[in-house]
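A structural walkthrough
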Amino acid sequence: MRHRLAIRVRKRMPLLIGMAAALAIGLSACAWGGKEVNTETNLANQRKAAIAFLETQGGVEEIRFTEEGGPAGFEAPWGVHAVVTVDGQEFSEILGISRYSRIGNPLPTIAPGTAPAPVTVIYSDGASEVIE
């Protein structure tokens, strides 16, 4: 009896291994969202995120990206952590191309376009630019 069971298992082993591999590949594709984002794309998205943030928040002196960023999750397609300096205070934020999330204390209520401008943006690769 055991001998027959061992033969059945051996015959089906390639099928079982193939099914396990397919399942692992499928689950990892779901976990990563099937999106491949490279450094160049992330840096371009950092710039877009900075500009989008500046359209909604005034008084920004500096935006410093602390990571490269990547696919964010369910509500936003891409996001990145940044330290934003507003009115001399630093705030940790998650910036996206079209929205942002607070991590720490609420940002000061300062209308967009309110000084100071220009804003220094420091990207995750160490490059910087001034956005006016």
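Scroll up a little and you will see the structure.
Residues numbered from 1 in each chain as written. Predicted model: local features only at pLDDT ≥ 70, side-chain atom pairs only at ≥ 80, totals over all residues. Heavy atoms only, no water.

Description of the pairing of strand S5 (residues 119–122)
Residues Val119 and Val121 line the buried face of S5, whereas the alternating positions Thr120 and Ile122 sit on a face that is not buried. Pairing between strand S1 (residues 60–65) and S5: 3 bridges, direction parallel. Note that in S5 the partner of Ile63 across the bridge is Val121. Taken together, the 4 bridges between S5 and strand S6 (residues 128–131) define a ladder with antiparallel strand orientation. Following the sheet pairing, Val121 is matched in S6 by Glu129. (Buried < 20%, exposed > 50% of the residue type's maximum accessible area, 1.4 Å probe, protein only. Helix = DSSP H or I, 4+ residues; strand = E, 2+ residues; numbered from the N terminus. Pairing = 2+ DSSP bridges.)

Some words on unusual backbone geometry
A negative phi angle characterises most non-glycine residues, just as the trans form characterises most peptide bonds. Positive phi values are uncommon outside glycine, yet Asp87 reaches one of about 55°. Mapped onto the elements of the fold, Asp87 is located in the loop between strand S2 (79–86) and strand S3 (89–96).

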